[in-house]
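# Examining the three-dimensional arrangement
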Amino acid sequence: MSKLVTIYGGSGFIGRYVAWHMAKEGWRVRVAVRRPNEALYVRTYGVVGQVEPVLCNVRDDASVASAMRGADAVVNCVGVLSESGRNTFDAVQSEGAARIARLAAEAGISRMVHVSAIGADLEGPSDYARTKAQGEAGVLKHQPDAVILRPSVVFGPEDQFFNRFAAMARFGPILPVVGANTMFQPVYVGDVAQAAVAGVLGHVSGGVYELGGPEKMTFRDLMNLMLDVIRRRRGVVNIPFFAARVMAFVFDLVQKVTMGIVRNGMVTRDQVKNLQCDNVVTEGAIGFEAFGIQPTEMISVLPEYLWRFRPSGQYDAIKESARNLRSS
């Protein structure tokens, strides 16, 4: 019988790519998510019955243990960019990660891949960074041979980075950003997924791997690249950190007062703290070279999914060709 892998958060941005690649490797895939009815699309990643979504809450021991029953390996892709209700940074990224590792060890599962993030630091300025580091520590306590992946900001068709700002760029002459001079090293989601699969298959030894793409760019330069791709002229305006903190405080307060009915979908105080730190691979860190993966350049992927934000969408290239014909 084929081996089984349980992927916690397997319907999320990174998790769905890991699930697809694991299915292509011939493994049975159990996708552990909070809302399995909204993750039925993962079934199409393999043959009938090969990929199945199951109910799981990483805050609950019994739920986590049930999802990994009979598994040969586990992958944890669960994480949150902002807190909401009981899904706090501590509950999900720190306690949740440690819970998965502990219960996997108790079940005799020795192969684990944990997706963390560049910038994970027990002394970091943000709760996000601190809980990511705490999660890593919890994983290594119970799974000392775990493969821990620390990607920079991840891009791909379903990302919440380029898609979000490309949507904003459709309105108004300026594109406001916080931390315009902060450095990033965007990494393609498919490359991160391949690294996770290599970890599950035992192609690399346990340890921490920092994953960044081939380009290091400031936030401002990334936005200008995105604007070139969607063929819009906008001025990228930096919001000073002191002003961003005030804005974030107001947005967070509104969310708290409304008990989450009005979500802060703009910027949180914790995100402002994160944006003050560069998000690039640490000098000397082990990265994609250990997996034999050549990271993908942004320009080879961004046009494939950002075209819909162009002034004429899918017809923009046709109109441009027509203009060139008339001028020749």
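One structure accompanies this document, and this report is about it.

## Structural notes on the packing of helix α1 (residues 13-24) against helix α6 (residues 189-200)
A pair of packed helices is characterised by two quantities: the angle between their axes and the separation of those axes. At a minimum axis distance of 8 Å, the contact between α1 and α6 shows a crossing angle of 55°. In terms of orientation, α1 and α6 fall into the oblique class. By crossing handedness, the relation of α1 to α6 is classed as right-handed. Contacts between α1 and α6 involve Phe-13, Ile-14, Tyr-17, Val-18, His-21 and Met-22 from the former and Val-189, Gly-190, Val-192, Ala-193, Gln-194, Ala-196, Val-197 and Val-200 from the latter. Here the contact of α1 with α6 is built from residues that sort into 11 nonpolar, 3 polar and no charged.

## Examining the sheet that holds strand β1 (residues 4-8)
One open sheet holds the 7 strands; their spatial order is β3-β2-β1-β4-β5-β6-β11, and the pairing between them is parallel. Two strands close off the open sheet at either side, each with one partner strand: β3 (51-55) and β11 (207-211). Taking each pair of neighbouring strands and ignoring which way they run, the sheet shows an average axis angle of 20°. Of the strands in this sheet, β4 (73-76), β5 (112-115), β6 (147-151) and β11 touch α6, which is tilted by about 170° from β6.

## Thoughts on the layout of surface pockets
What the second largest pocket holds in volume is close to 440 Å³. Lining the second largest pocket are 19 residues, and of these Glu-83, Asp-252, Gln-255, Thr-268 and Arg-269 lie nearest its centre. Elements with a contribution of two residues or more to the lining of the second largest pocket: α8 (241-257) and α9 (269-274). Residues belonging to the lining of the second largest pocket are distributed by class as follows: 4 nonpolar, 8 polar and 7 charged.

How each quantity is defined
- Residues numbered from 1 in each chain as written.
- Predicted model: local features only at pLDDT ≥ 70, side-chain atom pairs only at ≥ 80, totals over all residues.
- Heavy atoms only, no water.
- Axes fitted to C-alpha atoms, helices over the stretch in contact; angles between N-to-C directions.
- Helix = DSSP H or I, 4+ residues; strand = E, 2+ residues; numbered from the N terminus.
- Parallel < 35°, antiparallel > 145°, perpendicular 65-115°, else oblique.
- Left-handed = near helix turned anticlockwise from the far one by under 90°.
- Contact = heavy atoms within 4.5 Å.
- Nonpolar A, V, L, I, M, F, W, Y, C, P; charged D, E, K, R; others polar.
- Pairing = 2+ DSSP bridges.
- 1 Å grid on protein atoms, 1.4 Å probe; cavity = no way out; pocket = protein on both sides within 12 Å on 5 of 7 lines; lining within 4 Å.
- Points joined across faces, edges and corners; volume = space filled by probe spheres on them.

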